[in-house]
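Chain by chain, the residues run as shown.
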Amino acid sequence: MPQNKQRDRPRSKHEKRKAPLEDLLPIEKVEHGIVYTKDGRYIKVLEVAPINFLMRSAREQRNLLYSFISYLKVCPVKGQIKVLSKKSDISRHIRRMKEQQAKEQNPHCAALQDDYIQMVQEIGSREAVTRRFFLAFQYEPFNNRLASESDAISSLQAVANTAANYFRQCGSEVIEHANEDEAQVEIFYTLYQRCTSQTVPLASRAAQVVGAYMVDGHEEQLNDIPLGKFLAPPSFSVHSRYIVVDGQYQSYHIIPGDGYKSKVFAGWLAPLVNAGEGVDLDIYWTKEPKDRIIQKLGQQLRINRSKIKDASDTNTDFDDLENAIGAGYYLKNGLANNEDFFYVSTLITISGQTEEEMEWRINEVRKLLASQDTQMTPCYFRQEQAFLSALPLVALDKQLGEMSRRNMLTSGFASFFPFISYEISDENGIFIGINKTNNSLIIMDQGQVLCSGATKDVFDNPGKYQAARLTGCRNISPVRRLGDNRILALDWNLTLTTAEKTTEQTKAVAIRPHCLVPVSEEAAAVWKERPGANLIPVNAPLVSPLPFDWEFCLENNLCWTVKKDSGSSSQPPVPSWLRVLPEDLLLLT
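Residues numbered from 1 in each chain as written. Predicted model: local features only at pLDDT ≥ 70, side-chain atom pairs only at ≥ 80, totals over all residues. Heavy atoms only, no water.

Describing the sheet that holds strand E23 (residues 535-537)
1) Next: Overall, antiparallel pairing links the three strands, which are arranged E22-E27-E23 in an open sheet. Looking at strand neighbours, the two that pair on one side only are strand E22 (517-519) and E23, the edges of this open sheet. This sheet shows a mean twist of 35° between the axes of neighbouring strands, independent of strand direction. (Pairing = 2+ DSSP bridges. Helix = DSSP H or I, 4+ residues; strand = E, 2+ residues; numbered from the N terminus. Axes fitted to C-alpha atoms, helices over the stretch in contact; angles between N-to-C directions.)

See below:
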């Protein structure tokens, strides 16, 4: 029998077992745009359009975070955010090009268009990567009463509308689909069959399954085909360090609860979100009742304070108790200031077409996280559980959740904001190239010329607000004109002297991060007596190591970068003041 042959087959040293994925599918059906799970839960999955957060000004970033914080205050008790990287879908762009080619009467132009289409297809299939962002949450019955289907449908729809309203305030939007059921099934089809779904659309897969039923003479069962028949890939094997699904190697890792950096900046997950093809991210949250947490915090604080009285300051436990007490008071003060308490877990999926490619990506992601002072731990012997947890069903494995759980307040969770993308693409535009930052396609439409000239001249004087953002300048603030050479930077609350005369059209000012100059306390005292000092106080900046620079984020959201010394990895000293030269202020219209 086939089962005996399978049992007699010698197994690999690292292979755990093989099982049909259809048996592991935790979904019973999809109706009304809602996923019904086999354990009796109701799940709603929304697709969210990302924004280019890091290209926004400090004022825009702050407003976006406030909007996200507002959503976290009303979000469901449990939820999951999923970031999925995949090959770019350039079919609509190619279809548009072919339609234009069909209308072209000049045979030479048609030949050029044909070469262009072939080039886009070749590069797009080999290098281009795009990202999809999902938000999943489950129905929570009121007062733990028995859940009814009608209540679940209406409640989840209301929660989805609330999320759409708040994400619209964040500058993003929830993507609406003409057929919600088909859209939900397509998400899981893409996750279960990463390789097959790139060449076989869901409609074709459905036709194959229906055709197989008809060939086998099961026409009477066509209306009762299990969902697993459409989603299950042909192969699924579990190993201690990875799994192989549909011919793709996938390895799962978590950020342990004590593996996060204690202080982070808004959008700190952007490098990981945009790490490239084969790197997916799942963030799970659970919002705890504030009253219960305050009671537990008070109880634990009293216990720790009594313990520290009996501990000597030379005891190894003294520092741990002191840190625990400080963290407890931090959480208690945050809760008293209307923040909520969350448990947050992060799961990272790293995949490749071969085991060697997967291992290479694991090492690259580990180095990327190390540069952010963040740890990553593999889910050894829990790969199958991690695979099921990575589905957008808000069902993180209990053991993985305990290993990765980190408590944080609303403001800390808001800094995760993962709906970030560097993609600059317009399907109605012209192919420019590949964004080497994250391998996304750059297709831009013909539009107004913002600025022109040599590259150095454009960077030195972009002239327009949009041009400054496109050239990567992060320090941009709206201004109020105080005189011919005086402005008030509203976002930074700084009065600055400019070398260039301002006009009524001057709307903003930009400062390149590397143009800020450190100034000692003594030198600042001298500069204060001179006009055009443009001094900026530095108070407890947030320091972040970048691949080639050190980045200092000031309290007023100004960013200053310092080149890393190739001979030393130590952080440069923090100055008391920074200064910007009047000629380094970029006036924008």
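Points about the environment of Phe341
1) Next: With respect to the element layout, Phe341 can be found in strand E12 (residues 341-352).
2) Next: Residue Phe341 is classed as buried on the basis of its relative accessible area of 4%.
3) Next: C-alpha separation for the pair Phe341 and Lys290, spaced 51 residues apart in sequence, amounts to 6.6 Å.
4) Next: Once residues within four sequence positions are removed from consideration, Phe341 is found in contact with Thr286, Lys287, Glu288, Ile293, Leu331, Leu335, Asn407 and Met408. (Buried < 20%, exposed > 50% of the residue type's maximum accessible area, 1.4 Å probe, protein only. Contact = heavy atoms within 4.5 Å.)

Focus: the pattern of salt bridges
1) Next: What the rule picks out here adds up to 16 salt bridges.
2) Next: With a shortest N-O distance of 3.2 Å, Glu186 and Arg132 are connected by a salt bridge. Of this pair, Glu186 sits in helix H7 (residues 180-192) while Arg132 sits in strand E6 (residues 129-138), placing them 54 residues apart in sequence.
3) Next: On the accessibility criterion, Glu186 (23% relative accessible area) is partly exposed.
4) Next: Here Arg481 and Glu504 are joined by a salt bridge, their closest N and O atoms 3.2 Å apart. Highlighted residues: Arg481 in strand E18 (residues 475-483) and Glu504 in the loop between strand E20 (494-497) and strand E21 (508-511), separated in sequence by 23 residues. (Salt bridge = Lys/Arg side-chain N within 4 Å of Asp/Glu carboxyl O.)

What about a negative patch on the surface?
1) Next: Taken together, the side chains of Asp317, Asp319, Asp320 and Glu322 define an acidic patch exposed on the protein surface.
2) Next: Within the fold, Asp319 resides in helix H13 (residues 316-336).
3) Next: Taking the relative accessible area as the measure of exposure, Asp319 reaches 43% and is therefore partly exposed. (Patch = residues over 30% accessible without salt bridge, like charges linked within 9 Å, V, L, I, M, F, W, Y side chains within 5 Å. Areas by Shrake-Rupley, 256 points an atom, 1.4 Å probe, with all protein chains shown as cover. Lys, Arg positive; Asp, Glu negative; His and termini not counted. Charge placed at Lys NZ, Arg CZ, Asp CG, Glu CD.)

Describing the confidence of the model for the chain
1) Next: Averaged over every residue, the pLDDT of the chain is 82; the share at 70 or more is 84%.
2) Next: Contacts from residues 1-19, a stretch scored under 50 in pLDDT, to residues over four places away or in other chains number 20 contacts.
3) Next: With pLDDT under 50 throughout, residues 424-428 is counted as low confidence; its partners more than four residues away or in other chains account for 13 contacts. (pLDDT = per-residue confidence, 0-100.)

Looking at the nonpolar core
1) Next: Ranked by size, the top nonpolar core spans 61 residues in total, and within it Phe68, Leu135, Ile348, Phe413 and Phe416 carry the most contacts.
2) Next: With sequence-adjacent residues up to four places away left out, Ile348 is seen in contact with Ser251, Tyr252, His253, Ile255, Leu272, Val279, Asp280, Leu281, Leu369 and Met376.
3) Next: Counting 36 residues, the second-largest nonpolar core is a separate cluster that includes Leu24, Val200, Tyr252 and Leu391. (Core = buried A, V, L, I, M, F, W, Y, C linked by side-chain atoms within 4.5 Å.)

A look at the sheet that holds strand E25 (residues 549-553)
1) Next: With antiparallel pairing, the three strands of this open sheet are ordered in space as E24-E25-E26. Sheet topology places strand E24 (542-545) and strand E26 (559-563) at the edges, where each strand pairs with a single neighbour. Going from strand to strand, the sheet's axes swing by 20° on average, the running direction of each strand aside.
2) Next: Pairing between E25 and E26: five bridges, direction antiparallel. Looking across to E26, one finds that Glu551 is bridged to Thr561.

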